Amino acid sequence: MGWDRFRASDEELMERTRDHDDHQAFALLMKRWEAPVERLCYRMLGDAHLAEDMRQETFARLFASRSRYTRRAKFSTYIWRIAINRCLDELRRKRRETEAMERMDPPTFAAPSAEAELIQREEAEAVRRAVMSLDEKYRAVVALRHYEGLKFRETAEILDIPVGTAKSRMAEALNQLARRLKPLLRRR
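Note that this is a predicted model, so its numbers are computed, not measured.

(A) Quick peek at the overall build of the chain. A count of helices and strands for the chain gives 8 helices and 0 strands. The N-to-C order of helical and strand elements in the chain reads α-α-α-α-α-α-α-α. Classification of the 188 residues of the chain by burial places 43% in the buried group. The long-range share in the chain, meaning contacts at least 24 apart out of those at least 6 apart in sequence, stands at 62%. As displayed, the chain has an accessible area near 11,300 Å², and 51% of this comes from carbon and sulfur atoms.

(B) Summary view of the environment of Glu 12. Summarising the element assignment, Glu 12 is placed in helix H1 (residues 10-20). Relative accessible area serves as the criterion here: at 34%, Glu 12 is assigned to the partly exposed category. Beyond its immediate stretch of four places on either side in the chain, Glu 12 contacts Arg 7 and Arg 71. Polar side-chain contacts of Glu 12 include one of 2.7 Å to the backbone nitrogen of Ser 9.

(C) Representation of the packing of aromatic side chains. Throughout the structure, instances matching the rule amount to 6 aromatic pairs. For the pair Phe 26 and Phe 63, a centre-to-centre distance of 4.9 Å together with 65° between the ring planes defines the contact as edge-to-face. Of this pair, Phe 26 sits in helix H2 (residues 23-45) while Phe 63 sits in helix H3 (residues 48-64); the two residues are 37 residues apart in sequence, bridging distant segments of the chain. With a centroid separation of 5.9 Å and 65° between ring planes, the pair formed by Trp 33 and Phe 75 is classed as edge-to-face. Of this pair, Trp 33 sits in helix H2 while Phe 75 sits in helix H4 (residues 75-96), placing them 42 residues apart in sequence. When its relative accessible area of 11% is taken as the criterion, Trp 33 is described as buried. A relative accessible area of 0% places Phe 75 in the buried class. One aromatic cluster is present, formed by Trp 33, Tyr 69, Phe 75, Tyr 78 and Trp 80 through successive ring pairs. Across from the ring centre of Tyr 147, 3.8 Å away, lies the NZ or CZ of Arg 43, which sits over that ring. One Lys or Arg, Arg 66, reaches over the ring of Phe 63 and ends 3.9 Å from the middle of that ring.

(D) Seen up close, the layout of surface pockets. In this structure, the largest pocket occupies an estimated 300 Å³ of space. Lining the largest pocket are 13 residues; nearest its centre among them are Arg 68, Thr 70, Arg 72, Tyr 78 and Arg 81. For the lining of the largest pocket, the leading source of residues is H4, giving 4 residues. Of the residues contributing to the lining of the largest pocket, the split by class is 4 nonpolar, 3 polar and 6 charged.

(E) Expanded view of the pattern of salt bridges. Summed over all chains, the structure comprises 18 salt bridges. Among the salt bridges present, the one from Glu 172 reaches Arg 179, with a minimum N-O distance of 3.8 Å. For Glu 172, a relative accessible area of 27% translates into the label partly exposed. Residues joined by salt bridges that share partners form a network here, namely Glu 57, Arg 86, Asp 89, Arg 92 and Glu 136.

(F) Molecular detail of helix H7 (residues 152-159). Most of H7 is tucked away, with 6 of its 8 residues classed as buried. Within H7, burial applies to Phe 152, Glu 154, Thr 155, Ala 156, Ile 158 and Leu 159. Just past H7, the residue Asp 160 takes up positive phi, approximately 60°.

(G) Representation of the packing of H2 against H3. Look at H2 against H3: their axes get within 8 Å of each other, and the N-to-C directions meet at 140°. Classed by the angle they form, the pair H2 and H3 counts as oblique. Remark: the crossing between H2 and H3 carries right-handed chirality. Contact with H2, carried on its side by His 23, Phe 26, Leu 29, Met 30, Trp 33, Glu 34, Val 37, Glu 38, Cys 41, Tyr 42 and Leu 45, involves Ala 48, Leu 50, Ala 51, Glu 52, Met 54, Arg 55, Thr 58, Phe 59, Leu 62 and Phe 63 of H3 and no other residues of that element. Across the contact of H2 with H3, the residue classes tally to 15 nonpolar, 2 polar and 4 charged.

Cut-offs used in this document
- Residues numbered from 1 in each chain as written.
- Predicted model: local features only at pLDDT ≥ 70, side-chain atom pairs only at ≥ 80, totals over all residues.
- Heavy atoms only, no water.
- Helix = DSSP H or I, 4+ residues; strand = E, 2+ residues; numbered from the N terminus.
- Buried < 20%, exposed > 50% of the residue type's maximum accessible area, 1.4 Å probe, protein only.
- Contact = heavy atoms within 4.5 Å.
- Areas by Shrake-Rupley, 256 points an atom, 1.4 Å probe, with all protein chains shown as cover.
- Polar contact = N/O pair within 3.5 Å; in protein donor to acceptor, adjacent residues only side chain to side chain.
- Phe/Tyr/Trp six-rings, centres within 6.5 Å; stacked < 30°, edge-to-face > 60°.
- Lys NZ or Arg CZ within 6 Å of the ring centre and 35° of its normal.
- 1 Å grid on protein atoms, 1.4 Å probe; cavity = no way out; pocket = protein on both sides within 12 Å on 5 of 7 lines; lining within 4 Å.
- Points joined across faces, edges and corners; volume = space filled by probe spheres on them.
- Nonpolar A, V, L, I, M, F, W, Y, C, P; charged D, E, K, R; others polar.
- Salt bridge = Lys/Arg side-chain N within 4 Å of Asp/Glu carboxyl O.
- Axes fitted to C-alpha atoms, helices over the stretch in contact; angles between N-to-C directions.
- Parallel < 35°, antiparallel > 145°, perpendicular 65-115°, else oblique.
- Left-handed = near helix turned anticlockwise from the far one by under 90°.

Given below as C-alpha cells:
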C-alpha cells in the first residue's frame, strides 16, 4: 500500500519489474516510453510499420532481460540503447538483404493542398530523405540529439562512444546534410 506506482521513477518501476515481476509496473513503463521509443525507431528506420515492430521488440527485450537491469545509469539511457541497437541490427539485416531504401518511404498523400503547404511537405520530405541517406552512425546521433533533444553526454552514453566522438559525428552529419540539401536551400 505504501508504494505509489504512478509517482515512481522509471528506475523504480524497472526495479519492481526486475525484483517482483511486477507486470503493472512494466505496463506503466511501456505507457511512458512507447511513443518516444517508436519515434526514435522511425527516425532511424524511416518506416512507420517497422518502427512499430522495433518498438515492440525493444519492450520485449527489455522485459526478457529485466533480471540483468542495474541502476548504473538512468533508465532512459538503458531503453534508448536497446532501441538503438535493435534499429542498428535491423539496418544491418536490411543492408544484407540489399532491399532498396525506397521501401522505407512513408505513404504520400495526393490530396490537393495550398502551394505553400505542398512546398513545406516537399521540403520536409527532402530533409527526411537526406537524414535517411546518412550512414547509421551519423543518423543515430542526429536522431538522439536533434529529434529527441538529448544532450551530447546522454547521446554518447547510449551509443557507447566518447562525447567528443558524438560531437564530431554530429558535425559530420550536419556537413553531409548541408551538402545534400544545398539545392533546396538555394531555392529559398
